[in-house]
Each structure stands twice: as structure tokens, then as C-alpha cells.
Amino acid sequence: MTSTNYDQYLPESIGSFVPNYIDRGQGAIVYTENGDRYIDLSGGWGCLAVGYSHPKVVETVKNQVEKFFHTDFSAIPYESYPKLAARLSELAPGETQKKAAFFNSGAEAVENAVKFAKADTGRGALVTFQNAFHGRTLLTMTLTHKANPYKAGFGPFAPDVYRLPYPNRYRSNFEVRELENELTTMVDPEDVAAIIIEPVVGEGGFLVPPDDFLPYLRELADKYGIDLIFDEIQSGMGRTGKFFAAEHFDVEPDLITVAKSLAGGMPLSGVIGKAEVMDAPKPGSIGGTYVGNPIAIRSALTVLDVIEEEGLLERASEIGEIAVSRFRQMKQKHDIVGDVRGLGAMIAIELVQDRETKEPAPEITQKVAELSLEENVILPTAGLHGNVIRLLMPLVIDKENLERALDVVDNSLEKVKTNHG
Ligand SMILES: Cc1ncc(COP(=O)(O)O)c(C=O)c1O
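Residues numbered from 1 in each chain as written. Predicted model: local features only at pLDDT ≥ 70, side-chain atom pairs only at ≥ 80, totals over all residues.

> So what's going on with the domain arrangement of the chain? Residues and values would help.
Along its sequence, the chain is organised into domain 1 (3-53 + 311-389 + 398-420) and domain 2 (58-309). Placing a centre on the C-alpha atoms of domain 1 and another on those of domain 2 gives a separation of 26 Å. In this complex, domain 1 contributes 26 residues to the contact, which on the side of domain 2 involves 30 residues. Sorting the residues of the side of domain 1 that touches domain 2 by element identifies helix 1 (43-46), helix 10 (312-333), strand 11 (337-343) and strand 12 (346-351) as the ones contributing at least two each. A per-element tally of the side of domain 1 that touches domain 2 places helix 10 first, with 5 residues. Among the residues making up the side of domain 1 that touches domain 2, the classes are represented as 14 nonpolar, 8 polar and 4 charged. (Domains from an automatic or database assignment. Contact = placed C-beta atoms within 7 Å. Helix = DSSP H or I, 4+ residues; strand = E, 2+ residues; numbered from the N terminus. Nonpolar A, V, L, I, M, F, W, Y, C, P; charged D, E, K, R; others polar.)

> Can you explain the sheet that holds strand 11? Please cite residues and give values.
Strand order in the open sheet formed by 4 strands is 11-12-15-14, and the pairing between neighbours is antiparallel. Edge strands, defined here as strands with exactly one partner in the open sheet, are strand 11 and strand 14 (381-382). Strand direction decides the pairing type here: strand 12 and strand 15 (residues 388-390), joined by 3 bridges, are antiparallel. When the bridges of strand 15 are listed, Ala-348 appears paired with Arg-390. (Pairing = 2+ DSSP bridges.)

> With reference to specific residues and values, describe the environment of Asp-72.
Tracing the backbone through its elements, the reader meets Asp-72 in the loop between helix 2 (55-67) and helix 3 (80-91). Separated by 37 residues in sequence, Asp-72 and Gly-35 place their C-alpha atoms 40 Å apart.

As C-alpha cells, this is what we get:
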């Protein structure tokens, strides 16, 4: 049977962007079974900050596999679990003592962060934002904004979730301080367990908030006894040039969710939070059979070492600067580029039909990604309207490959201009 025949066994909802199976990956480069080589700017959707097949991570995983794969921490403990909890608690912003617990996926971390917040506050309502993406389970899908393809046909959704406007600096122009009024007219703030926000919006289009926004949410949360959750699943682990994006804004959230690059591609997520909040649920009330898998936990400890040893925070800022300056040049050349934005290595461009009306250009964005793929660059898109090109490359990408990939994006923008102009 040839590989293509397998397609008939896959549901329509499961598909891939690259048309060939991967054979192996190295750093930011992927080799497919048919012998093609790609520069991967998607980095496993932001999971591979340390790159594919980092030798130290590979060695760690091999060593752990030989000892044991699984026990369930609630049955037989392993020291790596509290060790990782300690390291992440020390890295988390703010002076308050922190604790951490581990899960499998990002969505599972968000679900559990909400459980910690509900137990802590004794309340049930949740506040989320426009452009948010928090996952695909019932609750996290409800917290997510974008209907298609994430929510359409999957309702009814979880109750008592309220969505506030997001200060999108490119598209909206509202006064951050109006949010209190928006909030208190929708729901009694004394009923709200948590406000959940991505400190830099990921899937929703790489939006960086104005400097006063997150401190204001902190104030609002404190005023009404609400827990503030930062979802750092995409923005954390050094991607913005600091370990947590929250550090750019000098805000201490009550809870932080992490996943993606945490364990270098092994499925692992975590909730880090103020000790008092993390201690609120009763013993035995938080868990899961596979949560905090020992191979993934060891892998995460090594990822933290690699981030430190290889200076990946500085590296994120450096590659971000290269990307911003190249994207700014592209904006000068191509009218379709409406906005260049981001923080650290979380850099994006937003494509529009017209710079005045800012009408989104999703088809053209898709075309740019397809044309780039033809030139062996894997380019992720994003945004509520699907008109954002974002960079999620491994932070270990070398300058040459990054520049080469950005040349390809530039050429693809030129080609769509010819086709559409
Ligand atoms: C900010 C954010 N939260 C949550 C999730 C969900 O993570 P997972 O796909 O691992 O469930 C994602 C995934 O893209 C994300 O970017």
C-alpha cells in the first residue's frame, strides 16, 4: 500500500499543511520522506523553541525511557516532578511563593487553572477576551473567540463565560479603563472566578497589548477578588525574549498556564500559581492518569537547561529584531502588508486588501503560505480573520536560514501582488 492510500482512513477534520511525511528534523530544518528539505517557521506550532532533535533532549528522553515510562505521580512519585515545579515556580514573575502542577495538553492546563481559580474564589463565572484562543475542549473552546473552524457546530458551550473587547492597537481604539464598565454591566464581578488572558495573543493574531492593559486587569481583579490567569502556552518559555511575556509588563498573575515549548515537543503542560490559590482544591481533586509524564518532565528540565545555556531569551530578541526589520521593509514594498507587530520572536504581519479600510485579506494570506511552501518554507498563519502571518520558528534557527525563509516570504508577497494587482 502506498502512503497516500492511508488518507481514506483519516476524517475530513484531520489534515496537514505539508504534503509529505516527515522523516527527521534538526534545529529548524525538516527533511521529508521524499527527500525534500524545509525551513520550518511553524516549529510544531510553537512547541520547538529548542528545535527538532536537540541532542541534550534526545539523550534525556533515551535515559528516562530505559528507566520507566509511567507510574502516575499519584501512585508512585518521581523526583523530577517537584523539581520541575520548583524551577518553574522560581521563574514565575512576582514575589509571592508559587507552586506548580502538571498535565498533558494546553487545553488541559487551562481547564485546571480554572478549577484552581474556582476552588480559590468559590465562584463560577469566567471572563475572556476577543481574539482569545485557549483550546478545543468544551470549556476552552467556549473561552476561545473564533467560531470557524474552532466552534461552529460544536455548541452548546459552557455557561457563565463573558467576553470583553481586546485593545487591538491596529484595529480598535478604545480606552482601557472603559473595561470595568463593560465588565460590570455584563456580570456581577463578585460572581467572577477568573479573568483569563494571553499576555501576548497567539492564535488570535500576535497582538501585543498597550503597556497599561495588563496592570489594569491586575487592578480590576484585585478590586473584585477575581483571580487573574495568564495563558502563556504560546507566549511563554522565552518566545518573547523573556521567560514569561508577563515580565514585559511587570504584572504578577495569580495563575499561569504553560505547555507547547515546555518539554521540547513531548506532551506536557503545567499550571503555576500563587501557593494559596494552588492549595485551594481538596487533596485528590486535581489529576489525571497521564498527567506530568516522567519522560516529558525530564525533557522539560533539560529544555530549561538548554534555554539557559544557549541564551535562548537573548536569541529570541535577536531573531525578532531581524524579522521586524525585514517585515518593515516588506511593508514599504507591498501595500498588502497593513501592520507589522510583535514582541521578541513573536513577530507577525497582518495582510489587508486596503490600508485605509483595513479589510482583511485571508485568501491572499493563504496564498502567501502556499507559495512559500512551494519554496520549502513552512509558514504559519493566524488571526481572527485568518489574515496574519506569524513566526513560531525554533529559537535556535540560524541567521542564514531565517534570512532565507524571510526572502521566500518577501517573494511570495511579490507574487501575490502580481496575481492580484
Ligand atoms: C494560548 C494558547 N492556549 C491554549 C492552547 C491549547 O493548547 P493545546 O493545543 O495543547 O491544547 C493553545 C494552542 O495553540 C494556545 O496557543
